[in-house]
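Overview (structure and organization)
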Amino acid sequence: MGFWDWLKGLFGGPKEIERDVTRLGGEKDELDEIAETVDLRGGPYRPNRLRLALRDRRLLPKKKKTFGKKKKVMEHEEADRLFAATLRTRNRNIRDLLVDEEQLKRYGLPLWRTEEELAAALELSTGMLRYYSIHREKERVPHYTTFSVAKRTGGRRIIMAPKKRLKVIQRRLQRQLGAALPKHEAAHGFVRGRSTCTTAEPHVKKKVVVRIDLEAFFPTITHVRVRGLLIALGYSYPVASTLAVLMTESERQPVELGGEVFHVPIGPRHCVQGAPTSPDISNAIVVRLDRRMTALAKRLGFVYTRYADDLIFSSNDPLKVPHLLGGARRIIAAEGFRVNSKKTRVARRTNKQVVTGVTVNDVLGLSKKERKKIRAAIHHAKHGKLDAKARASLEGKLAYLHGLNPEQAAKLRARHVLSP
């Protein structure tokens, strides 16, 4: 570059943005499809299964005009929605993405091109859809009821249950979208036709059973991860963002300001226990983790199943356990989760092997301790010491045991016949 060219570039005003737009064409005024693929790293699918980058021409970089009236490219309402805090993002690689219909068809997902189509599918007006899909920093009336329940292992578990109207919306969303989301064969939790019994069954009579627990499982599945999953599946950025807000929430704390109480977020939005959509979303998010764990287990001679945040491995070669634990920890960290070391268990045949509350040492069933509790409850029932609620609970436990091990259940019923 010569001196005069350098001087001209220095004082000749801002340089024009250079971008290859030869594939845009000049026929459409607003939306154009660019036939290229985009690598959305962190998605749950194979690297060669990339979605098409069909981009909104209105959001692409434009050459600056020095004179003349600027052309209006979108309505104020659409612009306010797209550039508001709820949908705002610094990632320009996803901001202008349109729907990839072929990708959605490939995965059997409902086709929603716009928020208007999504609202119609959920039997809502567009305004009502946006009312429930806005992240507010100061919420006067929260959409969730928060309470805690005691954990079986001690401590308290936070439950955030959506209120009636939002719950109806989420149930519709679960039926149309959640049930169609991909899940791995190793997943047994929240899957129709599967249970704690099917989770434990592959691990019966194994010399060693390894259980790894994921710490803060649902809080780790954040709004950003849910949005990224839906974009990778083929949804446009606005639709994916709206869906992600509908299916997540932040923990909130009441704060009094100017005599009025507001509920403000104290963390990022995430899938919550209590929302109908969280189970299916969580299974879809961990598809790649399940795939990698299955491959690791197969390589080391283990069997792998997962129930929610419980990862279960079993084998007849205890010497491979250190290699399994090391590899599993690396995969879990790489997939954005954390291991709960306090709940990591390695059980051999000489000890009690329990998988999701089911003993698997020799047969599927309940431990002697649990069966003694049921036997004692039956004894109390025979002598009229149980009320209707406790009696119903006892019948439920016997039915559960019958599903696990009919022989164990039959022995209890035969020795301690319940009176009608």
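Use the structure listed above.
These numbers come from a predicted model, not from an experiment. (Residues numbered from 1 in each chain as written. Predicted model: local features only at pLDDT ≥ 70, side-chain atom pairs only at ≥ 80, totals over all residues. Heavy atoms only, no water.)

Here we look at the nonpolar core
In terms of nonpolar packing, the biggest core is built from 71 residues, with Leu177, Met293 and Phe313 touching the most fellow members. With near-sequence residues (within four places) excluded, Phe313 lies in contact with His203, Val208, Val209, Val210, Ile212, Met293, Ala297, Phe302, Val303, Tyr304 and Leu324. Judged by nonpolar contacts, the second largest core, of 18 residues, contains Val358, Leu366, Ile374 and Leu404. (Core = buried A, V, L, I, M, F, W, Y, C linked by side-chain atoms within 4.5 Å. Buried < 20%, exposed > 50% of the residue type's maximum accessible area, 1.4 Å probe, protein only. Contact = heavy atoms within 4.5 Å.)

Considerations on the pattern of salt bridges
Evaluation of the coordinates by the stated rule reveals 23 salt bridges. Its salt-bridge partner being Glu215, residue Arg338 comes within 4.0 Å of it at the nearest N-O pair. In this pair, Arg338 is assigned in the loop between α14 (321-334) and β10 (345-348) and Glu215 in the loop between β5 (208-213) and α9 (217-220), connecting sequence segments 123 residues apart. Look at the salt bridges and you will find they share partners, linking Glu77, Arg81, Glu115, Glu116 and Arg130 into a network. (Salt bridge = Lys/Arg side-chain N within 4 Å of Asp/Glu carboxyl O. Helix = DSSP H or I, 4+ residues; strand = E, 2+ residues; numbered from the N terminus.)

Details of the side chain of Gln408
Mapped onto the secondary structure, Gln408 falls in helix α17 (residues 406-415). Gln408 sits in the buried class, given a relative accessible area of 15%. Discounting chain neighbours no more than four positions away, the residues touching Gln408 are Val363, Leu364, Gly365, Leu366, Arg371 and Leu401.

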